[in-house]
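Results of the structural survey
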Amino acid sequence: MNDLEIMQLGIEEADKTMRMNIGGPFGAVVVKDGEIISVASNHVLANNDPTAHAEVEAIRAAGKKLNTHDLSGCEIYATGFPCPMCLSAIMWANIKRVYVCGLPEDAEIIGFRDDFIYKYIQDKMQDKDVLQIIELDRKPAQDLYAEYADLDKAIY
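Residues numbered from 1 in each chain as written. Predicted model: local features only at pLDDT ≥ 70, side-chain atom pairs only at ≥ 80, totals over all residues. Heavy atoms only, no water.

Notes on the sheet that holds strand β1 (residues 27–32)
Pairing in this open sheet of four strands is mixed, and the strands run β2-β1-β3-β4 from one edge to the other. Each having just a single partner strand, β2 (35–41) and β4 (97–100) make up the two edges of the open sheet. Here the strands of the sheet are splayed against their neighbours by 20° on average, with no regard to which way each runs. Pairing between β1 and β2: six bridges, direction antiparallel. (Pairing = 2+ DSSP bridges. Helix = DSSP H or I, 4+ residues; strand = E, 2+ residues; numbered from the N terminus. Axes fitted to C-alpha atoms, helices over the stretch in contact; angles between N-to-C directions.)

Right, dumping it as structure tokens:
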């Protein structure tokens, strides 16, 4: 399959579930070595889960199918430019290549608001009306992290 045919799988899945009121017009496909690993769409509305974006759903399904949290060597095709959460999930999954057919301004036209999150990050997270990050005593977390390291657990 070529890139456009792979992207079409995401578009078709997004179109189907969008019409069923499962989520927005977003689909994603994870591919490894030319093999389709997962095809998913946005399930925010069906699951009442704001993290159930197409890319996250496709990554979750790919991880289960491949039995790993490390999707190195995989690529992802997304019908929209990944939001900051999805970009982070893609990076955490070690996916190094993302194909998109929609840009942030395309989603903004119909009311999706990724731009305010990008702006918040660019402004170094200083807008307290958007989100406040309050630092508490670091010692408990540092102790927990040290114990994890001492147990020689996986770093991902």
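A few points about the packing of aromatic side chains
Tallying each qualifying case throughout the model produces two aromatic pairs. Centroid distance Phe26 to Phe112: 4.9 Å. Interplanar angle 85°. Geometry classified as edge-to-face. With Phe26 in the loop between α1 (3–19) and β1 and Phe112 in the loop between α5 (104–109) and α6 (114–122), this pair connects stretches of sequence that are 86 residues apart. By relative accessible area, Phe112 is classed as partly exposed at 33%. (Phe/Tyr/Trp six-rings, centres within 6.5 Å; stacked < 30°, edge-to-face > 60°. Buried < 20%, exposed > 50% of the residue type's maximum accessible area, 1.4 Å probe, protein only.)

Topic: the pairing of strand β3 (residues 74–78)
Along β3, five of the five residues are buried, which leaves the element largely enclosed by surrounding structure. By the alternation rule, side chains of β3 split into Cys74, Ile76 and Ala78 and Glu75 and Tyr77, which are all buried.

A few points about a nonpolar patch on the surface
Together, Phe116, Ile117, Ile121, Met125, Val130, Leu131 and Ile133 line one region of the surface with nonpolar side chains, adding up to about 580 Å² of accessible area. Structurally, Phe116 can be placed in helix α6. (Patch = residues over 30% accessible without salt bridge, like charges linked within 9 Å, V, L, I, M, F, W, Y side chains within 5 Å. Areas by Shrake-Rupley, 256 points an atom, 1.4 Å probe, with all protein chains shown as cover. Salt bridge = Lys/Arg side-chain N within 4 Å of Asp/Glu carboxyl O.)

Concerning a negative patch on the surface
Residues Glu105, Asp106, Glu108 and Asp115 make up a contiguous surface patch of negative charge. No other element matches the three residues that α5 contributes to the negative patch. By secondary structure assignment, the location of Glu105 is in helix α5. (Lys, Arg positive; Asp, Glu negative; His and termini not counted. Charge placed at Lys NZ, Arg CZ, Asp CG, Glu CD.)

Overview of unusual backbone geometry
Most peptide bonds adopt trans geometry, and most residues besides glycine take a negative phi value. Although it is not a glycine, Asn21 sits at a positive phi angle of roughly 60°. On the secondary structure map, Asn21 appears in the loop between α1 and β1. Positioned with a positive phi, Asn94 is a non-glycine residue whose angle comes to about 65°. You can see Asn94 is positioned in the loop between α4 (84–92) and β4.

Comments concerning the environment of Ile95
Tracing the backbone shows Ile95 in the loop between α4 and β4. You can call Ile95 buried: its relative accessible area is 5%. Between the C-alpha atom of Ile95 and that of Ala52, which follows or precedes it by 43 residues, the distance is 18 Å. Ile95 has contacts with Ile59, Leu71, Cys74, Glu75, Ile76 and Ile90, leaving out every residue within four places of it along the chain. (Contact = heavy atoms within 4.5 Å.)

Quick notes on the pattern of salt bridges
Counted under the stated rule, the structure contains six salt bridges. Salt-bridge contacts for Lys16 lead to Glu13; the nearest nitrogen and oxygen are separated by 3.4 Å. Of this pair, Lys16 and Glu13 both sit in helix α1, three residues apart, which is roughly one turn of that helix. Across the pair Asp143 and Lys139 runs a salt bridge, and its minimum N-O distance is 2.6 Å. Of this pair, Asp143 and Lys139 both sit in helix α7 (residues 139–150), four residues apart, roughly one helical turn.

Regarding helix α3 (residues 54–66)
Taking 1.5 Å of rise per residue, 13 residues should cover 18 Å, and α3 covers 18 Å from first to last C-alpha, within 8% of that figure. Those residues of α3 that fall on the buried side of the exposure criterion are Ala54, Glu55, Val56, Glu57, Ala58, Ile59, Ala62 and Gly63. Where α3 is buried, its residues meet β1, β2, α2 (44–47), β3 and α4. (Expected span 1.5 Å × (residues − 1).)

Spatial relationships are all this shows, so hold off on functional conclusions.
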